[in-house]
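# Chain and residue survey
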Amino acid sequence: MPEKMVTVEIKKVQWLGNRTYEVVLENGGRRFSLYTGLCEGSAIVRLLRKEKTPHPVMHDLFLSTVKGLGGTIRSAVITEIKDEVFFGRLIIDQRLCDGGTFDCRPSDMIALALIAGVPIEIVESVFNEAINTPLLLTTNDGSYGDEKAVEFFAAMPNISHPLQLLKDVWGR
């Protein structure tokens, strides 16, 4: 019997410093956070703002490859959570073969879902676990619902903006 799915929407994406973005996903006022790196978070922000890049980036390449092979992304699903880390799968329909499901990091899966215009789904049992896991909770004002998360990010060197990382690393 197929597992029941919950469709989630991106409530917000915010830069936390030290190469980390928080992506808040929500359904019916119930929300949880997942955390992603600089490149993935920046891609999600760019896609939400409908900003174009001067040349295709990896997510564009993946989608154009799928389309070029006669396929379409049917859905993007967060399938499990282990030790506060999410796992996902892309479901692809492809006319030249049976299509299939492919393991995918949720951050990349979210970016691909935005490009392809498909909903972001999460297995209901995983959603229920996520909204009850303190590190993954946020309050309505966007602050963390758990001191563990505050301590985690506070312990890292503070980078105020993604471009600051470039300046720090390459001296530009």
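Everything numeric in this text was worked out from a predicted model, so none of it was measured. (Residues numbered from 1 in each chain as written. Predicted model: local features only at pLDDT ≥ 70, side-chain atom pairs only at ≥ 80, totals over all residues. Heavy atoms only, no water.)

### Describing the pattern of salt bridges
Pairing between side chains becomes possible if they bear opposite charge and their charged atoms approach one another. Our working definition: By definition here, a salt bridge exists when the distance from a side-chain nitrogen of Lys or Arg to a carboxyl oxygen of Asp or Glu is within 4 Å. A run of H or I in DSSP counts as a helix once it spans at least four residues, and a run of E counts as a strand once it spans at least two, with each numbered from the N terminus. Only protein chains enter the calculation, and the probe is 1.4 Å; a residue is then buried if its accessible area is under 20% of its type maximum, exposed if over 50%, and partly exposed in between.
Per the stated rule, a full pass over the model turns up nine salt bridges. In this structure, the salt-bridge partner of Lys 4 is Glu 124, at a minimum N-O distance of 3.9 Å. Residue Lys 4 is located in the segment before strand 1 (5-17), and its partner Glu 124 is located in helix 4 (residues 124-130); the two are separated by 120 residues in the primary sequence. Look at Lys 4 and you get exposed, because its relative accessible area is 55%. Under the relative-accessibility criterion, Glu 124 is labelled partly exposed at 29%. Between Arg 74 and Asp 93 there is a salt bridge, with its nearest N and O atoms 3.2 Å apart. Within this pair, whereas Arg 74 is found in strand 4 (residues 71-82), its partner Asp 93 is found in strand 5 (residues 85-94), the two being separated by 19 residues in sequence. Residue class for Asp 93 comes out partly exposed when judged on its relative accessible area of 32%.

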